[in-house]
Amino acid sequence: MTTKPYDIDTLGVRAGVHRSPLGEHAEALFLTSSFVFESAAQAAARFAGEDDGFVYSRYTNPTVQMFEERLAALEGAECAVATSSGMAAILGCVMGLMKAGEHIVASRSLFGATLQLFNNLLGKFGIEVTYVPLDDAAAWAAAARPNTRLFFVESPSNPLMEIADIGAIADIAHAAGALLVVDNCFCSPAIQRPIELGADIVVHSATKYLDGQGRVMGGAVVGRRKVVFDPLTTFLRNAGATLSPFNAWVVLKGLETLKIRMDAQSAAALSLATWLEAHPRVKRVHYPGLASHPQHALAMRQQRTGGAIVSFEVDGGRDAAWRVVDNCQLVSITANLGDTKSTITHPASTTHGRLKPEVRAAAGIVEGLLRVSVGLESVADLQSDLARGLDGK
Ligand SMILES: *Cc1c(COP(=O)(O)O)cnc(C)c1O
């Protein structure tokens, strides 16, 4: 299917469909580890790469390929390479695109496992990382070195929802001879398309909004064929961090409802953020869709909506924050996000609990901070659930 003339709503449902000769309407789930050749000559041709048919599911699988093509279409990219998780996608970028002695410039507020990978594993292989505040263009430029290969950013950041100017950082990366990688997990292509803004590569945790229903692990690296495809497939095919066909099928079907889920969940998040901002026990709300967000204008230039994640600071520190969490009867207490079921997290004692208190304070992760990933429940029910702990009733 040609992807150019269609809107994102259409692409989510239709892009990347490959029908088998049986004519099935829904995308088929090819649960098979290998594929049968018609002859010794065909086997030889496939192994030599002269015939692009399927060989083995660590290499390629028709269901995985349908997911890759649909996601690439949604991101407006030439290709996507699926991985076994979001972390495998980030590791794949490093292993596929970098070598010992090279350097990454990254924004300070990254997903916890990304920080662990960068801080505790890459050093063993001779790769260094320099961190900069995501909104400080001069710091990005100053941190670049002749051996800098990748710039890496998450926008909005977790959990404070700070916004990076993706176009500006892309220009700085390109001037330094580096590639810009954007972790687009918090927005998904239904809200933000980093490649259109100037990024070279998008990484995804498909575990979050792409599945959207909290069922399977998955990930992807998206970008230009020349930049992404060869290095990533060389890594994945030989290192084995491939997406399973079953998980690919689940996420492929998840993509069909991505746009309507993101629209509905964003609208609910905006309502909830507006209500929280007016609540007397809430000191501050971090939500890019609110006019009070310091980078509201930039967020609205880059994103279709403010997204579905709202962070807020309650009056009274950890005790007050934990009271809100412990009084939730509907909202789930879990660190995951991007689900149709709303979830709540206390970052200072969970996702950011291992940071030294002074590092955490410098990063703005205060004891009263809570993060809610807003799902598809009614906003009135979510408000009542949070009000119980906030009002101390
Ligand atoms: C969850 C997450 C990841 C890692 O994805 P997994 O699928 O859990 O490996 C990476 N980046 C961000 C922003 C995430 O939220």
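What counts, and at which threshold
- Residues numbered from 1 in each chain as written.
- Predicted model: local features only at pLDDT ≥ 70, side-chain atom pairs only at ≥ 80, totals over all residues.
- Heavy atoms only, no water.
- Helix = DSSP H or I, 4+ residues; strand = E, 2+ residues; numbered from the N terminus.
- Rg over C-alpha atoms; globule rule 2.2 N^0.38 Å.
- Contact = heavy atoms within 4.5 Å.
- Lys, Arg positive; Asp, Glu negative; His and termini not counted.
- Charge placed at Lys NZ, Arg CZ, Asp CG, Glu CD.
- Domains from an automatic or database assignment.
- Buried area = accessible area lost by both parts, 1.4 Å probe.
- Salt bridge = Lys/Arg side-chain N within 4 Å of Asp/Glu carboxyl O.
- Pairing = 2+ DSSP bridges.
- Axes fitted to C-alpha atoms, helices over the stretch in contact; angles between N-to-C directions.
- Phe/Tyr/Trp six-rings, centres within 6.5 Å; stacked < 30°, edge-to-face > 60°.
- Buried < 20%, exposed > 50% of the residue type's maximum accessible area, 1.4 Å probe, protein only.
- Arc of directions from axis to C-beta.
- Near = heavy atom within 4 Å.
- Polar contact = N/O pair within 3.5 Å; in protein donor to acceptor, adjacent residues only side chain to side chain.
- Areas by Shrake-Rupley, 256 points an atom, 1.4 Å probe, with all protein chains shown as cover.
- Left-handed = near helix turned anticlockwise from the far one by under 90°.

### What to know about the overall build of the chain
So, point 1. Along the backbone of the chain there are 15 helices and 12 strands.
So, point 2. Here the C-alpha radius of gyration of the chain, 21 Å, is about what a compact globule of 393 residues would show, namely 21 Å.
So, point 3. Taking the contacts inside the chain whose residues are at least 6 apart along the sequence as the reference set, 72% of them involve residues at least 24 apart.
So, point 4. Averaging the locations of the 35 positively and 39 negatively charged side chains of the chain gives two centres separated by 2 Å.

### Regarding the domain arrangement of the chain
So, point 1. Along its sequence, the chain is carved into domain 1 (8-30 + 61-255) and domain 2 (258-390).
So, point 2. For domain 1 versus domain 2, the distance between C-alpha centres works out to 24 Å.
So, point 3. Contact with domain 1, which involves 34 residues of that partner, is made by 35 residues of domain 2.
So, point 4. At the boundary of domain 1 with domain 2, total buried surface from both sides reaches about 2,800 Å², with 58% on carbon and sulfur atoms.
So, point 5. Looking only at domain 1, the three residues that lose the most surface to domain 2 are Leu160, Ile191 and Tyr209, adding up to 26% of its buried area.
So, point 6. At the surface where domain 1 touches domain 2, the tally comes to one salt bridge.

### Remarks on the sheet that holds strand β4 (residues 148-154)
So, point 1. Spatially, the seven strands line up as an open sheet ordered β1-β7-β6-β5-β4-β2-β3, and their pairing is mixed. Two strands lie at the open edges of the sheet, namely β1 (79-83) and β3 (128-132), each paired on one side alone. Between one strand and the next, the sheet's axes are offset by a mean angle of 20 degrees, whatever the strand orientation.
So, point 2. Strand direction decides the pairing type here: strand β6 (residues 201-205) and strand β7 (residues 219-223), joined by five bridges, are antiparallel.

### Considerations on the packing of aromatic side chains
So, point 1. As enumerated under the stated definition, the model contains four aromatic pairs in all.
So, point 2. Summarising the aromatic geometry, the rings of Phe35 and Phe54 are spaced 5.2 Å apart at their centres and angled 35 degrees between planes, so their arrangement reads as tilted. Of the two residues, Phe35 is situated in the loop between α1 (8-14) and α2 (40-47) and Phe54 in the loop between α2 and α3 (62-75); the sequence distance between them amounts to 19 residues.
So, point 3. For Phe35, a relative accessible area of 16% corresponds to the buried category.

### Thoughts on the sheet that holds strand β12 (residues 369-373)
So, point 1. As summarised here, the arrangement of the five strands in space is β8-β9-β12-β11-β10, forming an open sheet in which the pairing is mixed. Because the sheet does not close on itself, it has two edges, and the strands there are β8 (282-286) and β10 (332-333).
So, point 2. Here β8 pairs with strand β9 (residues 309-314) via four bridges, running antiparallel. Residue pairing for β9: Val282 is matched across the bridge by Val314.
So, point 3. Across the sheet, helix α13 (residues 317-326) lies against β9, β10, β11 (343-345) and β12, angled at about 135 degrees from β9, the strand it touches most.

### Thoughts on α2
So, point 1. By the burial criterion, the buried members of α2 are Gln42, Ala43, Ala45 and Arg46. The arc that holds every buried residue of α2, seen down its axis, measures 165 degrees, which confines them to one face. Residues of α2 that are exposed and point more than 90 degrees away from the buried face comprise Ala40, Ala41 and Phe47.
So, point 2. Looking one or two places after α2, you find Gly49, whose phi comes out positive at around 75 degrees.

### Describing the environment of Gly353
So, point 1. Mapping Gly353 onto the fold places it in the loop between β11 and α14 (357-362).
So, point 2. Sequence separation between Gly353 and Gly96 is 257 residues, and the spatial gap between their C-alpha atoms is 31 Å.
So, point 3. Not counting the four nearest positions on each side in its chain, Gly353 is found in contact with Pro347, Ala348 and Arg360.

### Looking at the site of the ligand
So, point 1. Taken together, Ser85, Gly86, Met87, Phe111, Glu154, Asp183, Cys185, Ser205, Thr207, Lys208, Met217 and Gly218 make up all the residues around the ligand.
So, point 2. Note that an oxygen atom of the ligand is positioned 2.6 Å from one of the side-chain N or O atoms of Thr207.
So, point 3. The protein chains hide 93% of the 380 Å² of surface that the ligand would expose on its own.

### Some details on the packing of helix α11 (residues 258-277) against helix α15 (residues 379-390)
So, point 1. Running from amino to carboxyl end, α11 crosses α15 at an angle of 35 degrees, the nearest separation of the two axes being 10 Å. Read as a crossing pair, α11 and α15 show a hand that is right-handed. The residues of α15 that touch α11, namely those facing Ala268, Ser271, Leu272, Trp275 and Leu276, are Val379, Leu382, Gln383, Leu386, Ala387 and Leu390.

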